[in-house]
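Spelled out, the chains give:
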Amino acid sequence: MDDVMKDRIEQLVDFIMKWCLWQFHSRSWDRERQNEGILTKTIQLLCDEPVDLSTPSDKCYWVDAVYLANGLKKTCPWLNTMDKKDLKILMQGLKERIDYLTINGSLNQELTNPLY
Amino acid sequence: MSCELKERERPGIINPIFTCQPCGAQYASIGIKDCIAIVHGGQGCVMFVRMLLAQHFKDSFELASSSLHEDGAVFGALNRVEEAVDVLLMRYPHVKVVPIITTCSTEVIGDDIDGLIRKLNKKLLKDKYADREVHLIPIHTPSFKGSMVTGYDVAVHDIVKEFAKKDKPNGKINLITGWVNPGDVTALKHLLSAMDIDATVLFEIESFDSPLMPDKSGVAHGSTTIEDLTGTADAMGTIALNRYEGAQAAKYLESKFDVPAIIGPTPIGIRNTDTFLQNLKKMTGKPISEALVRERGIAIDAITDLTHMFFADKKVAIYGNPDLVIGLAEFCLDMEMKPMVLLLGDDNKTYPDDPRIKELKEKVDFDMEIIMNADLWELERRIKDKEIELDLIMGHSKGRWTAIDNNIPMVRVGFPTFDRAGMYRHPVVGYEGAIWLAEQMANTLFADMEYKKDREWLLNVW
Amino acid sequence: MPYHTFKCSECIPAREMHAVIKGPGEDLSSCLPLGYLNTIPGTISERGCAYCGAKHVIGSPMKDVIHMSHGPVGCTYDTWHTKRYISDNDNFQLKYTFATDMKEKHVVFGAEKMLKQNIIDSFKAFPHIKRMTIYQTCASALIGDDIAAVAKKVMEEIPDVDIFVCNAPGFGGPSQSGGHHKINIAWIDQKVGTYEPEIKSKYVINYVGDYNIQGDAEIMVDFFKRMGIQVLSTFTGNCTYDDLRGMHRAHLNVLECARSSEYICNELRKRYGIPRLDIDGFGFEPLSASLMKVAMFFGLEKEAQAIIDEETARWRPELNWYAKRLKGKKICLWPGGSKLWHWAHVIEEEMGVKVVSVYSKFGHQGDFEKGVARCSEGALAIDDPNELEGLEAMEMLQPDCVLTGVRPGEVSKKMRIPYLNIHAYDNGPYKGFEGWVRLARDIYNAIYSPIHQLSGLDISKDEIPTDKGFMTRQMISDVNIVDDGNIPAEERPYTGDWDIVTRLRGKKYPKLESQQLGTA
């Protein structure tokens with residue numbers, strides 16, 4: 001990954017870390033589900049693709065995704081200049097980074113506790 | 001028409017008057033300089049007491065916890081006390097006195113803190129703190145016995161017992177004040193000084209009212225030193241003002257070191273202050289000065305302008321620490337008022353033997369109740385069921401809703417008094433205290449008259 | 001490594017990993033303190049006990065319930081007159097506290113019979129109250145009284161009462177948090193689903209993790225109701241016992257304080273499929289976003305936008321007035337659990353202050369993930385702080401104001417640092433748009449107090465200025481504010497009322513009513 005991409009991903013991460021809470025549920029499997037659910041829908045919104053709203057969970061991911069997509073577009077205006085292909089690569093990089101920071105690389109020792 | 005002694009009949013408490021023993025022990029410990037107690041139990045036992053003290057004094061006091069967790073509850077937690085002592089001593093190099101106060105949990109699990117202290121004295125203190133003077137004092141105060149009042153009494157006794165050592169007569173008297181406020185200590189020391197009496201005051205808590213200093217050095221803590229405590233054995237006598245708070249320590253000094261003890265009375269009101277001065281004179285041979293006659297006269301002058309005009313036949317309810325309640329009741333009677341109900345908040349079995357309570361029972365000539373093991377529901381229920389009508393309530397801040405919801409004016413006295421500003425700075429003892437109490441009571445009644453538009457025009461001309 | 005060792009804690013090396021300073025380039029994979037571990041004895045930690053977390057934080061705000069502690073008197077005494085969780089039920093839950101008054105003989109012989117008598121007596125004393133929660137304490141836990149069995153018997157004998165049993169004795173876990181957990185799980189295990197609530201709207205939520213301190217929850221519920229949303233229950237501020245039994249019927253759980261109640265949200269999702277939406281109720285931007293998210297879930301975007309526009313127009317000029325004057329002021333965010341992360345970023349953005357430190361008395365690593373994620377570079381984050389570390393931090397950081405509880409605030413007061421009570425609040429509520437301005441105002445009033453200025457003068461050494469008879473807050477705060485004609489005219493200090501909660505009670509909600517009548 002080149003430095004421009006890395007830096008851009010960090011800008012996106014910074015927004016999520018400063019303004020969002022969906023990535024911080026208390027267990028790793030919930031974080032997997034949340035990250036997947038919200039970031040998938042965010043990518044769809046940014047790429048003007050249809051979003052599945054059939055279940056309550058979907059709707060719940062979607063409301064966070066709308067806020068995220070709008071927020072990212074406002075604070076990272078360079079997003080608007082990117083084409084769909086590059087957006088998807090960037091957002092995939094974002095997902096991996098968020099997964100790393102909140103799950104795989106997290107120092108939170110409670111994430112693997114099997115009970116709530 | 002008479003005074004009856006009763007007991008709460010319900011097994012449980014609705015709105016307690018007192019908290020439990022460890023609080024009293026902690027209150028005693030903060031009066032000592034270079035002393036930080038370790039409360040052996042759950043963290044709440046210390047966090048809540050520190051909160052309560054902060055509410056009352058608007059200041060923070062240093063108290064530590066052994067932080068009992070589940071494993072300790074199962075396997076015993078003496079190791080946590082040992083660690084607590086070590087950590088405390090390492091981080092607070094000035095600390096010399098460490099009372100170790102037990103709670104219900106650690107008494108139930110049976111941790112032998114006396115044994116642990118013996119072990120620590122032999123090992124930890126000799127190995128690691130050989131160059132420091134450290135006193136570990138076991139104080140047993142489970143919450144399922146007594147109340148904060150007995151916890152205080154037990155702690156004062158245990159602390160005095162730990163330190164009192166006979167040397168040479170020091171020409172002082174010991175004054176064990178009981179559970180009082182800094183304002184009370186100032187008033188008592190003023191009386192002692194007016195009689196030119198040198199005293200060891202247990203405890204020196206005037207420094208609880210600590211300043212905000214430009215150099216940030218203000219700290220709220222007591223000033224009684226180890227020398228003060230050691231020297232209690234060398235006094236010419238002990239006066240313990242409160243029968244229920246400190247008498248045990250006075251009796252100990254008498255039986256162990258032949259230091260004659262006078263127990264009581266709590267010097268609330270003119271009569272009891274007179275008796276206190278008489279006892280001081282008896283014990284020290286010092287005369288009661290002209291200046292004190294004058295001071296007494298100012299108090300009587302002030303109170304005389306209130307009694308038959310405003311206090312006569314006013315019905316009062318009083319709750320709180322027993323010596324405070326009894327002293328206030330006696331003063332109210334002298335001021336022509338009618339204490340209708342006194343509420344003593346714990347199940348001390350010796351209340352019926354208290355000569356002051358006996359005197360109330362025998363001599364009071366109107367219907368009065370003294371309720372033992374009382375809670376505040378006993379008071380509120382009587383008001384709600386219209387069993388009594390009251391003109392005034394005197395007690396601590398945790399009874400405020402009873403007064404507010406039933407529109408009865410209330411004077412805050414005792415502990416805690418967090419819903420009024422600065423109460424701890426004023427005395428309820430001595431002639432000064434008599435003036436303060438009478439004027440507080442009067443002004444509270446006056447403000448109430450105005451709010452209720454109850455003959456508020458009376459005060460147009462007074 | 002970002003770990004920070006306090007000088008006063010060098011002798012207890014276990015503390016080393018409990019504090020971090022967020023450095024440049026640090027992220028959560030490298031910068032996170034340990035959390036929620038056993039307390040080191042004797043440190044004079046800020047922590048309390050699990051009974052407090054269960055009864056005092058979560059249990060007692062329930063407004064139509066007798067809160068009975070099974071144990072000696074102290075526990076119940078301590079959790080009475082120590083918090084401001086108000087209710088519109090004449091504050092029954094604030095005024096009355098109950099204890100079974102365990103004595104030595106009960107420790108020896110057990111207290112179940114006496115407990116039963118207590119339950120019956122208490123219901124008799126308050127015939128209009130039909131619900132009770134019994135809290136286990138250290139003492140009753142250790143003697144092994146079967147509280148649930150006693151409660152069951154009473155419910156059989158008196159069919160119109162219901163009793164909830166919460167077993168969270170003080171020693172259970174490192175701090176208050178153990179109690180939150182136990183009461184969350186116990187409530188959903190015992191009571192959720194045992195009552196069918198009346199559904200009055202197409203849009204139904206539970207508002208979770210708000211204890212109505214000074215009316216916080218009433219402010220938030222007002223916003224939801226204005227949109228036509230039925231707030232089935234609030235967990236637990238200003239809420240009834242039975243409403244909380246009906247939590248299973250909500251479409252969405254709106255979660256404010258994740259620290260104390262994410263457990264029940266997780267279980268509700270697992271058992272009933274109700275999604276969990278984490279929100280921030282503090283700050284204009286986060287609150288607007290949160291209201292919009294909830295609205296969007298139900299298709300009520302227009303309603304939410306109307307509220308956001310109205311509130312922002314009314315209160316933004318006042319927030320800006322304070323933000324201008326608080327710019328650059330250093331604060332320590334030192335709460336118990338979750339306000340460190342609710343406020344860490346937005347308070348800088350919207351009030352201009354600089355957060356130099358965050359701490360959590362009883363939080364978990366999750367709270368620090370959120371806090372460290374949101375706080376700025378250079379901030380000091382402390383887990384399970386103790387008194388000496390707090391003093392050292394204040395000396396090191398020289399904040400202008402500390403936002404914390406009453407007792408640690410008194411410590412900072414002595415350090416000539418004014419404090420704001422953010423547990424029970426000074427003049428709250430602080431939720432909502434107006435509430436956020438009230439917080440800004442209180443911080444402003446604390447920092448710019450003329451008496452605070454005077455406290456630094458040593459009259460024995462310093463030159464005593466005699467040129468003034470008084471100072472006002474604005475004289476002190478506006479020293480660097482230049483009126484260059486660009487200051488918007490509508491910027492002004494707070495113009496709201498003292499009491500902003502009472503008028504919400506008995507308010508009419510046409511959108512919600514039309515839902516009820518099916519005419520929406």
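Please read these numbers as outputs of a predicted model, since none were measured by experiment.

What follows concerns the overall build of chain B. Scanning chain B for helices and strands turns up 19 helices and 15 strands. Here the C-alpha atoms of chain B give a radius of gyration of 23 Å, agreeing with the 23 Å that 2.2 N^0.38 yields for 462 residues. Taken along its principal axes, the extent of the C-alpha atoms in chain B is 75 × 50 × 50 Å. Expressed as a percentage of the 462 residues in chain B, the buried residues total 64%. Expressed as a percentage of contacts within chain B between residues at least 6 apart in sequence, the contacts between residues at least 24 apart total 74%. Of the roughly 17,100 Å² that chain B leaves accessible, carbon and sulfur atoms contribute 51%.

Another aspect to go through is a nonpolar patch on the surface. A surface patch of nonpolar side chains, amounting to about 300 Å² of accessible area, comprises Phe-470, Met-471 and Met-475 of chain C. Considering the arrangement of structural elements, one finds Met-471 of chain C in the loop between α20 (450–454) and α21 (473–477).

Before going further, it helps to spend a moment on the sheet that holds strand β4 (residues 131–136) of chain C. Taken in spatial order, the five strands line up as β2(B)-β3(C)-β2(C)-β4(C)-β5(C) in an open sheet, and their pairing is mixed. Each end of this open sheet is capped by a strand with a single partner; those strands are β2 (13–14) of chain B together with β5 (162–166) of chain C. With five bridges connecting them, β4 of chain C and β5 of chain C associate as parallel partners. Pairing of Tyr-135 of chain C across the sheet is with Cys-166 of chain C, part of β5 of chain C.

Take the interface of chain C and chain A next. Contact residues are listed per partner, giving 44 residues for chain C and 30 residues for chain A. Of the roughly 3,300 Å² buried between chain C and chain A, counting both surfaces, carbon and sulfur atoms make up 59%. Put simply, chain C and chain A have four salt bridges between them. Notably, a salt bridge pairs Asp-27 of chain C with Arg-97 of chain A, separated by 2.8 Å at the nearest N-O pair. Listed by contribution, the elements that provide at least two residues to the side of chain C that touches chain A are α8 (176–190), α11 (258–272), β9 (276–278), α12 (284–298), α15 (346–351) and α16 (365–374) of chain C.

To continue, consider the environment of Leu-326 of chain C. All names here are of chain C. The topology assignment puts Leu-326 in helix α13 (residues 301–326). A relative accessible area of 0% places Leu-326 in the buried class. Along the sequence, Leu-326 and Leu-34 sit 292 residues apart, while their C-alpha atoms lie 32 Å from each other. When sequence neighbours within four positions are dropped, the list of residues in contact with Leu-326 reads Met-351, Gly-352, Val-353, Ala-440, Ile-443, Tyr-444, Ile-447 and Tyr-448.

Our focus in this paragraph is the pattern of salt bridges. Following the criterion strictly, the structure yields 89 salt bridges over all chains and no others. Between Arg-31 of chain A and Glu-369 of chain C there is a salt bridge whose closest N-O contact spans 2.6 Å. Highlighted residues: Arg-31 of chain A in helix α2 (residues 28–46) and Glu-369 of chain C in helix α16, drawn from two different chains. Overall, the relative accessible area of 0% leaves Arg-31 of chain A in the buried class. The shortest N-O distance in the salt bridge between Lys-103 of chain C and Asp-347 of chain B comes to 3.7 Å. Taken as a pair, Lys-103 of chain C in the loop between β3 (98–99) and α4 (104–109) and Asp-347 of chain B in the loop between β12 (338–344) and α16 (355–363) lie in two separate chains rather than in one. By relative accessible area, Lys-103 of chain C is classed as buried at 13%. Bridged by salt links that share partners, the residues Lys-6, Arg-10, Glu-369, Asp-375, Glu-378 and Arg-382 of chain B form one connected network.

Turning to the environment of Leu-255 of chain C, a few remarks are in order. Residues and elements named next belong to chain C. Residue placement: Leu-255 occurs in strand β8 (residues 252–255). On the accessibility criterion, Leu-255 (1% relative accessible area) is buried. Not counting residues up to four positions away in its chain, the partners in contact with Leu-255 are Val-208, Ser-261, Glu-262, Cys-265, Arg-276, Leu-277, Asp-278 and Ile-279.

Okay, the domain arrangement of chain C next. All names here are of chain C. As far as domains go, chain C holds domain 1 (50–190) and domain 2 (204–311 + 500–516). Here domain 1 and domain 2 have C-alpha centroids that lie 27 Å from each other. Carbon and sulfur atoms supply 59% of the area buried between domain 1 and domain 2, which totals about 2,300 Å² over both sides. Broken down residue by residue, the surface that domain 1 buries against domain 2 is led by Ile-86, Trp-187 and Ile-188, which jointly contribute 26%. For the pair domain 1 and domain 2, the interface holds three salt bridges. One salt bridge connects Asp-242 with Arg-131, and the closest N-O pair in it is separated by 2.9 Å. Our count for the contact surface shared by domain 1 and domain 2 stands at 18 residue pairs in polar contact (both at pLDDT 80 or more). Of all the secondary-structure elements, those providing two or more residues to the side of domain 1 that touches domain 2 are α1 (50–59), β4, β5 and α8. The biggest single contributor to the side of domain 1 that touches domain 2 is α8, with eight residues. Looking at the side of domain 1 that touches domain 2 residue by residue, the classes come out as 13 nonpolar, six polar and seven charged.

Of all hydrophobic cores here, the largest spans 151 residues; its most connected members are Trp-187, Phe-224, Trp-343, Ile-347, Leu-403 and Trp-436 of chain C. Looking at which domains feed residues into this core, each of domain 1 (50–190) and domain 2 (204–311 + 500–516) of chain C supplies at least three. Setting aside residues no more than four positions away along its own chain, Leu-403 of chain C makes contact with Ile-331, Cys-332, Leu-333, Trp-334, Pro-335, Trp-343, Ile-347, Leu-420, Ile-422 and Ile-443 of chain C. Grouped together as the second largest cluster of nonpolar side chains are 138 residues, Leu-192, Ile-226, Phe-366 and Val-428 of chain B included.

The rules we used
- Residues numbered from 1 in each chain as written.
- Chains lettered and ligands numbered in written order.
- Predicted model: local features only at pLDDT ≥ 70, side-chain atom pairs only at ≥ 80, totals over all residues.
- Heavy atoms only, no water.
- Helix = DSSP H or I, 4+ residues; strand = E, 2+ residues; numbered from the N terminus.
- Rg over C-alpha atoms; globule rule 2.2 N^0.38 Å.
- Buried < 20%, exposed > 50% of the residue type's maximum accessible area, 1.4 Å probe, protein only.
- Contact = heavy atoms within 4.5 Å.
- Areas by Shrake-Rupley, 256 points an atom, 1.4 Å probe, with all protein chains shown as cover.
- Patch = residues over 30% accessible without salt bridge, like charges linked within 9 Å, V, L, I, M, F, W, Y side chains within 5 Å.
- Salt bridge = Lys/Arg side-chain N within 4 Å of Asp/Glu carboxyl O.
- Pairing = 2+ DSSP bridges.
- Buried area = accessible area lost by both parts, 1.4 Å probe.
- Domains from an automatic or database assignment.
- Polar contact = N/O pair within 3.5 Å; in protein donor to acceptor, adjacent residues only side chain to side chain.
- Nonpolar A, V, L, I, M, F, W, Y, C, P; charged D, E, K, R; others polar.
- Core = buried A, V, L, I, M, F, W, Y, C linked by side-chain atoms within 4.5 Å.

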